[in-house]
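Understanding the architecture of this molecule
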Amino acid sequence: SLLLAIETSCDETSVAVVRDGRHILSNVISSQIDTHRQFGGVVPEIASRQHVETITLMMEQALEQAGVKPAELSAIAVTQGPGLVGALLVGGVAAKTYAMALDIPLIGTHHIAGHIYANALVHDIVYPCMALVVSGGHTELVLLEREGSFRIIGRTRDDAVGEAYDKVARALEFPYPGGPHIDKLAVSADDVIELPRAWLEPDSYDFSLSGLKSAVLAAINQARMKGETLRTAALARGFQESVIDVLIGKSMRAVREFGARQLLLCGGVAANRGLRTALAASCEAAQIPLLVPPFELCTDNGAMIGAAAHLKWKTGEFTSLDMKADPQLSLEAWSVGSPTA
Ligand code: ATP
Ligand code: MG
Ligand code: FE
């Protein structure tokens, strides 16, 4: 297939041309981070407006860089959800317009399936495999028994990992998005403030980040009240180590229990150096191949949407032109061959 794939679920306007779900012909990304930074986070109304302003240009650039004419496209893929509803709508309208004008199928695509299948753009995925999804809005362990089949075996009960990183970073007065700043600080620290690990029930694959986040905020407040200098790097390292320990512990247990042949790391937080390094070591010890996309395919982009949409191209599961943007779209229900899809 030759797919034009559109991603506008949050604060990146991105359009890609992807061949057969694995070859990136173009992947243009316009990030709004500089706009949202002054507000300390993503402002939904501003995000929608910026998507409107840039989407047409991104579509043109994606086709031009790929050297592909609209008439050559097999289908239009677009993130249907989850995400910010106003932001999703912009991509949805653009996708429908193109699909209608070119008279080719529309493929409404799940954003998290995209993060997972970003791996297919650079690796050969074998099944069954386990995906650890760590992003701004999601923290999930997903079992893929077959290609395109998604079963969530664990998820966060409160904050997502990226969200916790951003909140801790904000408390330490780093600009949005704070995750990379905490990562850098943690890796450079030469001592550590130990913080608790949220293992939850022994057999649970769920996560909880809010207790850890509160512990960091409490440590910051305590230091301020006592007039002590804050050991920022040691605190960042303590936070990062606690997060990583639990993510890795649960992922490795899930890999064993479900007989996964690979572990796929994905989502924006997969860019975290501490996590990548520690997970690589654990996987090597367990002799489980670890797949991680390159940095630029970890955060939101159109190419990953094209990779996931190709699954539905193969099964001929297309989306009607009255597709609704769905901020709550279910990953499991988006599985290939699923009756509710
Ligand atoms: P979702 O995919 O769940 O809808 P999203 O698309 O907003 O959410 P992504 O773009 O996948 O999320 O990831 C952004 C998140 O990744 C931010 O919270 C950011 O702080 C975090 N992040 C990016 N790099 C790092 C890093 N090196 N360490 C930790 N967190 C990071
Ligand atoms: Mg983003
Ligand atoms: Fe994302």
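Computed from a predicted model, the values in this text were never measured in an experiment.

This part takes up the UniProt feature "binding site: Fe cation" (unreviewed entry) in the protein chain. On the UniProt side, "binding site: Fe cation" (unreviewed entry) is annotated at positions that read His-111, His-115 and Asp-300 here. Taken along the chain, the residues just named run across 190 residues; in space they keep tight, none of their C-alpha pairs more than 8.6 Å apart. With respect to the helices and strands, the residue His-111 is situated in helix α4 (residues 111–117). His-111 sits in the buried class, given 26 other C-beta atoms within 10 Å. Not counting residues up to four positions away in its chain, the partners in contact with His-111 are Ser-9, Thr-79, Gly-81, Pro-82 and Gly-83. Tracing the backbone through its elements, the reader meets His-115 in helix α4. Residue His-115 is classed as buried on the basis of its 32 C-beta neighbours within 10 Å. When residues no more than four places from it in sequence are discounted, the contact partners of His-115 are Val-133, Ser-135, Cys-266, Gly-267 and Met-304.

A few words now on the nonpolar core. In terms of nonpolar packing, the biggest core is built from 106 residues, with Ala-5, Ala-62, Ala-77 and Ala-131 touching the most fellow members. Here this core takes 10 residues from helix α8 (residues 232–258), the largest share from any one element.

This chain's UniProt record puts "domain: Gcp-like" (unreviewed entry) on residues 23–306. Overall, residues 23–306 shows 49% helix and 15% strand. The separation of its end C-alpha atoms is 10 Å.

About the cut-offs
- Residues numbered from 1 in each chain as written.
- Chains lettered and ligands numbered in written order.
- Predicted model: local features only at pLDDT ≥ 70, side-chain atom pairs only at ≥ 80, totals over all residues.
- UniProt positions renumbered as here; feature names shortened; annotations may be inferred.
- Helix = DSSP H or I, 4+ residues; strand = E, 2+ residues; numbered from the N terminus.
- Buried ≥ 20, exposed ≤ 12 C-beta atoms within 10 Å, placed from the backbone.
- Contact = placed C-beta atoms within 7 Å.
- Core = buried A, V, L, I, M, F, W, Y, C linked by C-beta atoms within 7 Å.

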